[in-house]
Structures are given as C-alpha cells and as structure tokens.
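Below are the chains, spelled out letter by letter.
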Amino acid sequence: MKILSAEQIRKWDEFTILNEPISSIDLMERAARQCTQWFEQKKGGFRKIRIFCGKGNNGGDGLAIARQLVEKDILSDVYILEFGSLGTNDFQTNLSRLHSFPVTIHFIQHQDFFPVIDKADLIIDALFGSGLNRPLDGLSLQLVQHLNKSAATIIAIDLPSGMFADKPSPTNAVIKAHETLTFQQLKFCFLFPENEPFFGEVHVLNIGLHPDFSIAGNSMFELTDWKMIKEIYKPRKQFSHKGTYGHALIVAGEKGKMGAAVLCTRGCLRSGAGLVSAMVPEEQFAIIQTAVPEAMAIAQETIETVDLSKYTTVGIGPGTGTSEESARLLQRVLVNYNRPIVIDADGLNIIAANDELLSELPPGSILSPHPKEFERIFGKTENHLERIQTARLQAQKLFVYIIVKGHYSFVACPDGEVYFNSTGNSGMATGGSGDVLTGILTGLLAQGYSAKESCLLGMFLHGLSADIAVKTTSQEALVAGDITEYLGKAFLSIAN
Ligand SMILES: NC(=O)C1=CN([C@@H]2O[C@H](COP(=O)(O)OP(=O)(O)OC[C@H]3O[C@@H](n4cnc5c(N)ncnc54)[C@H](O)[C@@H]3O)[C@@H](O)[C@H]2O)[C@@H](O)CC1
Ligand SMILES: Nc1ncnc2c1ncn2[C@@H]1O[C@H](COP(=O)(O)OP(=O)(O)O)[C@@H](O)[C@H]1O
Ligand SMILES: [K+]
C-alpha cells in the first residue's frame, strides 16, 4: 500500500468525487459516519462529550459527527474555534445542518471561553487535520495546551491537531490523543517515532475512496501488506532437494557472544535455506553444533583459505566483535565475494570504523543497521524523516538495500523506493531479535529470492512471527529465540 502525502490524498478525494461520483459533502458524511460508528462501539460511559472544531474540513467532520451522534441519542457539546472568517463550504453546510439538532454550540473567541474539562469527559479533536500549514499559535495553541492539561480521554479525528501530515513537527504544540481515527490509510506522520506521544493507538477507517485512483508512481513510499507479501512468497517445488535452496554461510559469534551465532543460524535454517554453515571460532564449535545440529561448523580461523565461491550467499556480523581478526573476516568476504550478502551488527560497526569498505560492498547487498549503527556509518540525522532521506540517497549511491530497524522498520532500495514494514511489536525490543532477522534475510537470499524480495519478505516474516508468538508468550516474555520458533506459523499464514 502506497503512503501518500496530504496533497496526494486530496487528489484522491477529488478523483473519488468525480468518478464515483459523490459530492464532497456526502464524502464528508461518509467519513464522519465511520467515526460515529466507531464511537458507538466504544461507548465508555463518559460524563460529557465535547467536540472541538476548527473551520476547515476537519472541523466539518466534527460537526457531522456531532449530528450523527445525536441521531443515535448521544448528546455532545460543540466548540468552534472562531477565526473571524467563514469556514470551508462543507464546514458551513454541516454547521447549518446542525442548528436544527439539540446540540449546544459554543464559539471560542478568547481563552476565557475555554470550558472546564472533567477527567471523565471525552474530547473529540476536530480542530485541524491534514490541512495544517504552519505550527499552531495564538488562541489555537492555547486551546491545545488547555485540552492537553485536562485528564480527559482525547480522540483525534484524522490526525492530532497541530501535527503535520507529511513532515516532522518538532516544535509544534500538538494534541496528545489517546486514540486517533485516521481516514483511508496511514499518513506519513504515523511512521515517525517522534510522533508517538501524540497519536496513541491509530485506527484506520475505510471511507471508500475510489479504488481506481492511480497511486502507482505517485509515491516512492510504500507500506508492506499481505497482498504484496503473498505475491513474493514462492512455494517449494515438489521435486526439489536441499541443493535447490542454496548453501548459506553465516559468519557470526565470538567467545561470549555465541548466542548471536546460534540465533542467526537458526533463523537462517528456519527460513528455508537448503544448507547452512556457521563460521565461528574453532574453540566454540561445541556450542553451535549442540545448539544447531542441522548446521555445519567451519572455523573462522580458516577464512584466508576457504573457498567462498561455493556458498550461495553470506550473512556476516552478529556477535563477531570488532577486533582486528573480525575486521579481517569481513574484508576477506568483501574482497573475495561478489554476490549480494547480508551485513549486520558488528559487521556494520567494522564498516563504520573503516569507511573505505563501503566501496567494496557487493552490489545488491543488504545492510541492516538499527538507528545507532546507521548513525555510526552514515552520520547523525536531525529526525526520522532525514534518516529516511539519507538511507534513500545512500542506497542509491552504493547500490545496496539498507534496512533501518525499529517499529515500522524500513528498507531503502537502490531504485529509490522505500518500503515500511507493517508487522512486529515491541516485544521484539529484546537482545538477539536483529540476529534472527540477519539469519532470515540470509536464508531467503540463499534459496533464490532477490535481495529486494528477501528484504520485504524477511522483515514481514520476522515481525509476523513475533506477532503470532506474543499471543502466547506476551510481549514482555518474548525472547529472540521465540521468533525463530514461530517462523513456521508465520510461513503458514503467508502460504494459505
Ligand atoms: N480523504 C480524506 O482524508 C477526507 C478528509 N476529510 C477531512 O478534511 C481534512 C482536511 O481538511 P482541510 O484541508 O480543510 O484542512 P483542516 O481542516 O486541517 O484546516 C485547514 C484550515 O486551517 C487553516 N490553517 C492551517 N494551519 C493553521 C494554523 N496553524 N493556524 C490556524 N489556521 C490554520 C488553513 O488555512 C485552512 O483554512 C482532513 O484532515 C479530514 O479531517 C473529510 O472531510 C473527507 C475525506
Ligand atoms: N517496538 C518495536 N516494534 C517492532 N519491532 C521492533 C521493536 N523493537 C525492536 N524491533 C525489531 O527487533 C529487531 C531488533 O534488532 P537489533 O536492534 O539489531 O537487536 P539485536 O542487536 O539485539 O539483535 C529489529 O528487527 C526491530 O525492527
Ligand atoms: K484533528
């Protein structure tokens, strides 16, 4: 699913109005209806519902919701932030429609008109939506501060007022919503970690924008979805054998960090590689061979003489440390191997300390840094949007895939496309989760998925497996090893 800018969504509205066809006021009615239904289901026994409206279409939504709620015998008070000028057409139409209903309408011209809010009240925030074009100031700023000071539950319509839809809002005053009802699809702002304190739980309400709107080519940002992933997934062939699915080499682990090698190797096997060899320090063989008997062990000490060309791909870095010997392992792989590989963790830290290695990366390789590792290699960024832009430029420049991990991990591709992953949960914020991802990516590459397919399917499977796991384990008790254990269930849900 493409991620569209506010401007592109406005065009989608226009397309829908023209081609469904539907009038703009009826489209607003439909959007409001989705919210009203959501509120009906929520119930919650609030003392009073207070709907705060601006004079744009977000405010129009608020007015329509107030009327639709009364029709369901749910009363509310409406507060209109008065700027002295007329509202949008659809706002004005909804205001005159509301007059014949038993709803008290208050016009706020000064902060003396701000209502006292009880903690048992429900606030519906329909002040500003995607049309916000500058940070709030004056009365609107004061009102947002007043609402945020209350202990009431706040539900934002489309997006929390004060937040920009497409770019960071670092100094803006923004409504701190408990939940946000956004229309049609996630906006860019919901992918930024900096915005987490403001939007709470986000619910995407389908308002039926026209399916034929040509989104393709309109945005280089996309969110992975089931349709995309099911198209990437390839069932195994009946007459296949272990040679069909490649031989992966995992270079991982050092004394004290053999767990990383174990997790990575297991992830690789569980994602379907035909054969897996784990290159670990020779004195640690017993650990890997006991923990993962399905994998072969090969000594890191043989790196100078081993024939790397017999491996379909290489995953390198988890738990190797950054010693001179470990740097040598990476150098040797980079110089002697020219098919796409996966580099993570200490492999990335070694590159950060020796940036000439960046020019040695086999084309189409996958780097999977978390934000700190990303910063070590590519420098500090001001905010997440700048991180996304930097990753995009570097992926194009180096011709590699850069997966930046986190909630909504994203991959920047050499063709300039950026895909955000839609699975995963904060149970994965536990040591070793990234090592499992490295194994999965390497396993997918080994069995013939392209680097791009490996990134998209790998991130999705990794998060999905954890999503399935936490239903049994809880987020708190999830450990990285559980992600490998539940990979089977994740594959089954994609295959079926
Ligand atoms: N497809 C969709 O997503 C739909 C969206 N609708 C609603 O329409 C909204 C967008 O409506 P609008 O474009 O009218 O935008 P807003 O309702 O966000 O209001 C923008 C208005 O406020 C003014 N303004 C912007 N920043 C300001 C600031 N800092 N201080 C004071 N005034 C400011 C602008 O000049 C403009 O007049 C969406 O957020 C959504 O709620 C629905 O009504 C229909 C369908
Ligand atoms: N809050 C979260 N929501 C979704 N995924 C998460 C969250 N926290 C961590 N993850 C995932 O867990 C993995 C952590 O990787 P990493 O930081 O390299 O950990 P480690 O080095 O311990 O293996 C990444 O794939 C990341 O996307
Ligand atoms: K809003």
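Our subject is the structure that appears above.
Residues numbered from 1 in each chain as written. Chains lettered and ligands numbered in written order. Predicted model: local features only at pLDDT ≥ 70, side-chain atom pairs only at ≥ 80, totals over all residues. Heavy atoms only, no water.

A. Fine view of the site of ligand 2. As a structural note, the neighbourhood of ligand 2 is formed by 18 residues, with Lys405, His407, Ser409, Gly432 and Gly434 the closest of them. Residue Gly434 places a main-chain N or O atom 2.6 Å away from an oxygen atom belonging to ligand 2. Asp435 is positioned such that a nitrogen or oxygen atom in its backbone is 3.3 Å from an oxygen atom of ligand 2. Here ligand 2 has 570 Å² of accessible area as a free molecule, and 80% of this is covered by the chains. With 4 residues, helix H14 (residues 433-446) is the largest single contributor of residues to the shell around ligand 2. Of the residues contributing to the shell around ligand 2, the split by class is 3 nonpolar, 13 polar and 2 charged. (Near = heavy atom within 4 Å. Polar contact = N/O pair within 3.5 Å; in protein donor to acceptor, adjacent residues only side chain to side chain. Areas by Shrake-Rupley, 256 points an atom, 1.4 Å probe, with all protein chains shown as cover. Helix = DSSP H or I, 4+ residues; strand = E, 2+ residues; numbered from the N terminus. Nonpolar A, V, L, I, M, F, W, Y, C, P; charged D, E, K, R; others polar.)

B. Seen up close, the sheet that holds strand E7 (residues 201-205). Judged by pairing direction, the sheet is parallel, and its 7 strands sit side by side in the order E3-E2-E1-E4-E5-E6-E7 without closing on themselves. Taken across any chain shown, the strands that pair with only one partner, and hence form the sheet edges, are strand E3 (104-108) and E7. Going across the sheet, the axis of each strand differs from the next one's by a mean of 20 degrees, ignoring polarity. Note that strand E5 (residues 153-157) and strand E6 (residues 179-183) share 3 bridges and pair parallel. Looking across to E6, one finds that Ile155 is bridged to Glu179. In this fold helix H5 (residues 138-149) packs onto strand E1 (49-53), strand E2 (77-81), E3, strand E4 (122-126) and E5, with an angle of close to 145 degrees to the strand it touches most, E2. (Pairing = 2+ DSSP bridges. Axes fitted to C-alpha atoms, helices over the stretch in contact; angles between N-to-C directions. Contact = heavy atoms within 4.5 Å.)

C. Region of interest: the pattern of salt bridges. One pass over the structure, following the stated rule, counts 27 salt bridges. The partner of Glu453 in a salt bridge is Lys234, with the nearest N and O atoms 3.2 Å apart. Here Lys234 lies in the loop between helix H7 (226-232) and strand E9 (247-251) and Glu453 lies in helix H15 (residues 451-473), a separation of 219 residues in the sequence. Taking relative accessible area as the criterion, Glu453 reaches 23% and is therefore assigned partly exposed. According to the relative accessible area criterion, Lys234 is partly exposed, its value standing at 42%. Among the charged side chains, a network of salt bridges with common partners joins Glu7, Arg10, Lys11 and Glu14. (Salt bridge = Lys/Arg side-chain N within 4 Å of Asp/Glu carboxyl O. Buried < 20%, exposed > 50% of the residue type's maximum accessible area, 1.4 Å probe, protein only.)

D. Geometry of the site of ligand 1. Inspection of the region around ligand 1 gives 20 residues, with Asp13, Asn58, Asp61, Gly129 and Asp158 positioned closest. A distance of 2.7 Å separates a nitrogen atom of ligand 1 from a polar atom in the backbone of Arg134. Against a free-state accessible area of 890 Å², the protein chains account for coverage of 81% of ligand 1. Elements that contribute at least two residues to the shell around ligand 1 include exactly helix H1 (6-19) and helix H3 (57-71). Take the shell around ligand 1: its biggest share by element is 3 residues, from H3. Residues of the shell around ligand 1, tallied by class, amount to 9 nonpolar, 7 polar and 4 charged.

E. Structural context of unusual backbone geometry. Each neighbour pair has its own omega, and for Glu20 with Pro21 the value is -15 degrees, a cis peptide bond. Notably, Asp158 is not glycine yet its phi reads approximately 70 degrees, a positive angle.

F. View of the packing of aromatic side chains. The tally for this structure, following the rule as stated, stands at 14 aromatic pairs. Judged by centre distance (5.2 Å) and plane angle (55 degrees), the rings of Phe188 and Phe192 are tilted. An identical accessibility class is assigned to Phe188 and Phe192; each is buried. An aromatic cluster of three or more residues is present, and its members are Phe188, Phe192, Phe221, Phe410 and Phe420. Seen from the ring of Phe164, Lys167 lies directly overhead, with NZ or CZ sitting 4.5 Å from the centre. (Phe/Tyr/Trp six-rings, centres within 6.5 Å; stacked < 30°, edge-to-face > 60°. Lys NZ or Arg CZ within 6 Å of the ring centre and 35° of its normal.)

G. Seen up close, the sheet that holds strand E15 (residues 401-404). If you walk across this open sheet you meet the 10 strands as E8-E17-E16-E15-E14-E13-E12-E9-E10-E11, and the pairing is mixed. The open sheet has two free edges, formed respectively by strand E8 (221-223) and strand E11 (296-299), since each of these has just one partner strand. Relative to strand E17 (residues 418-420), E8 runs parallel, the two being bridged by 3 bridges. From the neighbouring strand, Leu223 faces E17, where its bridge partner is Phe420. Relative to the sheet, helix H13 (residues 384-398) contacts E8, E15, strand E16 (410-412) and E17, its axis offset from that of E16 by approximately 40 degrees.

H. Structural view of the pairing of E4. In terms of burial, E4 is largely enclosed, as 5 of its 5 residues are buried. Burial of the side chains of E4 extends over both faces: Leu122, Ile124 and Ala126 are buried on one face and Ile123 and Asp125 on the other. The pairing of E1 with E4 spans 5 bridges and is classified as parallel. Within the sheet, the bridge partner assigned to Cys53 lies in E4 and is Ala126. In terms of strand pairing, E4 meets E5 through 4 bridges, oriented parallel. Residue pairing in the sheet places Leu122 in a bridge with Thr153 of E5.

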